[in-house]
Amino acid sequence: MPNEKLLTHFTVLGPGGVGGLLAGLLARAGHDVTVVATEPTAERIAADGLRVDSAAFGDFTIEVAAEPELTRPTDVLIVAPKATALQDAVRRVAPEMVRGALVVPLLNGFEHMDVLRSAYPGAQVLAATIWVESTRVAPGHISQTSPFTTVELAAANADPDANAAADAGGAGPDERVDELAAHLRGIGFTTEVRDDEQLTLWQKVHFLMPTALVCSHAGAPIGVVRTDRRADLLGVMSEVGQVAARLGLTLDSDRVTAMADGIPPQTKPSMLRDREAGRAMEVDALGGAFLRAARRVGVDVPVTARIVADLERVDGGSAQQRP
Ligand SMILES: NC(=O)C1=CN([C@@H]2O[C@H](COP(=O)(O)OP(=O)(O)OC[C@H]3O[C@@H](n4cnc5c(N)ncnc54)[C@H](OP(=O)(O)O)[C@@H]3O)[C@@H](O)[C@H]2O)C=CC1
Ligand SMILES: CC(C)(CO)C(=O)C(=O)O
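An unreviewed UniProt entry lists the chain under the name 2-dehydropantoate 2-reductase, with Murinocardiopsis flavida as the source organism. Note on the chain: under the UniProt heading Function (unreviewed entry), the record states "Catalyzes the NADPH-dependent reduction of ketopantoate into pantoic acid." The UniProt entry for the chain carries the following comment under Catalytic activity (unreviewed entry): "(R)-pantoate + NADP(+) = 2-dehydropantoate + NADPH + H(+)".

In structure tokens, the structure reads:
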């Protein structure tokens, strides 16, 4: 059993579908939690608390400290804005507040890893993925709807300071990651600690890229696209597998196809919800990043390229309507 005293202060940057759910659950379990949010959302949460309506965890409202900029050091920074807001969000947490901390991004995609490692050189930035359907229905109000609630942490340690601390008899990086996993299990998530950062990120991309892109393109949930747009779904999935293979990663298409066929038909990827609400979509952070990776390794990905180009046009069109 890990020493539970290593991690005492949890900060969640971006308390939306993912971040608000985790902040609420951690606070409900008695942890010291601060959320860092845009000014109006921070004010709202500080006044009214976080409201969570959850199929998996029950319905509750809980008080949580909320501020627009982090004002005291933290042990764990969970990073969960949309990729489109990441640069601005990161400015709300100064590097000295996370020196020696675990930084745990739950964004989909993979390019955020470099952004966070250069923003927080003194922290241990873990690769992590979350499998959940959770939606911010209003500021500070979260609706979680999926039967699946899993977090994967990849403990590959890139922080020489953390290694030095472990060598000197301090808390090693793996010990803290194990403790974090125990806390996540404690609040009800299925949690796995793995050691392959790239494989962990790309296994999520293998599922997410086809479902998010095709559902958002079709304007329909998974139950519709897995029959009506099956060729596109499997086409994107196969292209992700080919690019990953060039990167030396073996992805399991049968497993991910079975997942896409097995999840509840009404499941909507968060990108589709953004499209429906006229918000910026993570087209570049997901599709664009994937096309850049494909170009780097010299793999043609025509199905994904076509869908990404269409979604960029849609996103550009709605950008003109946004205030
Ligand atoms: N939703 C889901 O089910 C899943 C999402 N993901 C991934 O998780 C990430 C987060 O998605 P999701 O939770 O859906 O996103 P949401 O849009 O629900 O939440 C984003 C949160 O970030 C806040 N925010 C926006 N701009 C800033 C800023 N500049 N500074 C601080 N906070 C800011 C928003 O504030 P405000 O409330 O004021 O708008 C909101 O609370 C994405 O990368 C997504 O792909 C992964 C798995 C599942
Ligand atoms: C597709 C899903 C729900 C899987 O976790 C997801 O990651 C997202 O909506 O962004």
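Peer 1: Residue-level account of helix H7 (residues 197–218), with values.
Peer 2: When the terminal C-alpha atoms of H7 are compared, their 31 Å separation across 22 residues agrees well with the 32 Å that a helix rising 1.5 Å per residue should span. Where H7 bends most, at Leu 208, the angle is about 35 degrees, and the proline Pro 210 comes one to four residues later. Of all 22 residues in H7, 19 are buried, a share of seventy percent or more. At the N-terminal end of H7, a side-chain oxygen is found 3.2 Å from the backbone nitrogen of Gln 198, two or three residues along, and the residue is Asp 196. Backbone geometry just after H7 places Gly 219 at a positive phi near 65 degrees.

Peer 1: Quick one: what's the story with the packing of aromatic side chains, residue by residue and with numbers?
Peer 2: A complete count under the given rule lists four aromatic pairs for this structure. Measuring from ring centre to ring centre gives 4.9 Å for Phe 110 and Trp 202, while their planes differ by 20 degrees; the resulting arrangement is stacked. Here Phe 110, found in the loop between strand S7 (102–105) and helix H4 (112–119), pairs with Trp 202, found in helix H7; they are 92 residues apart in sequence, far enough to count as distant. Taking the relative accessible area as the measure of exposure, Phe 110 reaches 12% and is therefore buried.

Peer 1: With reference to specific residues and values, describe the sheet that holds S7.
Peer 2: The sheet built from six strands is open, its strands ordered S5-S2-S1-S6-S7-S8 with parallel pairing. At either margin of the open sheet sits one strand with a lone partner, and together these are strand S5 (65–67) and strand S8 (124–125). Here helix H1 (residues 17–28) sits on the sheet in contact with strand S1 (9–13), strand S2 (32–36) and strand S6 (76–79), set at roughly 155 degrees to S2.

Peer 1: Break down the site of ligand 2 for me, with residues and values.
Peer 2: Within the structure, ligand 2 sits among Asn 108, Ile 130, Trp 131, Val 132, Phe 148, Lys 204, Phe 207, Leu 208, Pro 269 and Ser 270. At 3.2 Å from an oxygen atom of ligand 2 is found a main-chain nitrogen or oxygen belonging to Val 132. Between ligand 2 and Ser 270, the relevant distance is 2.7 Å, taken from an oxygen atom to a main-chain nitrogen or oxygen of the residue. For ligand 2, the protein covers 93% of the area, taking 290 Å² as the surface of the free molecule. Residue assignment for the shell around ligand 2 shows that the elements contributing at least two residues are strand S9 (127–131) and H7.

Peer 1: Account for the site of ligand 1, with residues named and values stated.
Peer 2: Neighbouring ligand 1 are 25 residues; Thr 41, Asp 88, Ser 134, Arg 136 and Glu 282 lie closest to it. Asp 88 is positioned with one of its side-chain polar atoms (N or O) 2.5 Å from a nitrogen atom of ligand 1. A distance of 2.6 Å separates an oxygen atom of ligand 1 from a polar side-chain atom of Arg 136. When ligand 1 sits alone it has 890 Å² of accessible area, and the protein chains cover 89% of it. Of all elements in the fold, only H1, helix H3 (86–90) and strand S10 (134–138) reach the threshold of two or more residues within the shell around ligand 1. Mapped onto the domain boundaries, the shell around ligand 1 takes at least three residues apiece from domain 1 (9–195) and domain 2 (198–318).

Peer 1: Kindly report on the pairing of S1, identifying the contributing residues and their values.
Peer 2: Residues in a regular strand point their side chains to alternate faces of the sheet. Within S1, five of the five residues are buried, which leaves the element mostly enclosed by the surrounding structure. With burial as the criterion, each face of S1 is covered, one bearing His 9, Thr 11 and Leu 13 and the other bearing Phe 10 and Val 12. Direction of pairing for S1 relative to S2: parallel, over a ladder of five bridges. Directly across from Phe 10, in S2, lies its bridge partner Val 33. In the classification by handedness, the crossover that spans S1, the intervening H1 and the parallel S2 is right-handed. One ladder, built from four bridges, connects S1 with S6; its direction is parallel. For Leu 13, the partnering residue across the bridge sits in S6 and is Val 79.

Peer 1: Tell me about helix H12 (residues 283–297), and name the residues and values.
Peer 2: In this model H12 runs 20 Å from its N-terminal to its C-terminal C-alpha over 15 residues, within 8% of the 21 Å that 1.5 Å per residue would give. For H12, the set of buried residues is Val 283, Leu 286, Gly 287, Gly 288, Ala 289, Phe 290, Leu 291, Ala 293 and Ala 294. Taken from the residues just after H12, Gly 298 is the one with a positive phi, measuring 70 degrees.

Procedures and definitions
- Residues numbered from 1 in each chain as written.
- Chains lettered and ligands numbered in written order.
- Predicted model: local features only at pLDDT ≥ 70, side-chain atom pairs only at ≥ 80, totals over all residues.
- Heavy atoms only, no water.
- UniProt positions renumbered as here; feature names shortened; annotations may be inferred.
- Helix = DSSP H or I, 4+ residues; strand = E, 2+ residues; numbered from the N terminus.
- Expected span 1.5 Å × (residues − 1).
- Bend = angle between axes of the 7 residues up to and from the residue.
- Buried < 20%, exposed > 50% of the residue type's maximum accessible area, 1.4 Å probe, protein only.
- Polar contact = N/O pair within 3.5 Å; in protein donor to acceptor, adjacent residues only side chain to side chain.
- Phe/Tyr/Trp six-rings, centres within 6.5 Å; stacked < 30°, edge-to-face > 60°.
- Pairing = 2+ DSSP bridges.
- Contact = heavy atoms within 4.5 Å.
- Axes fitted to C-alpha atoms, helices over the stretch in contact; angles between N-to-C directions.
- Near = heavy atom within 4 Å.
- Areas by Shrake-Rupley, 256 points an atom, 1.4 Å probe, with all protein chains shown as cover.
- Domains from an automatic or database assignment.
- Right-handed = clockwise from strand over helix to strand, strands pointing away.

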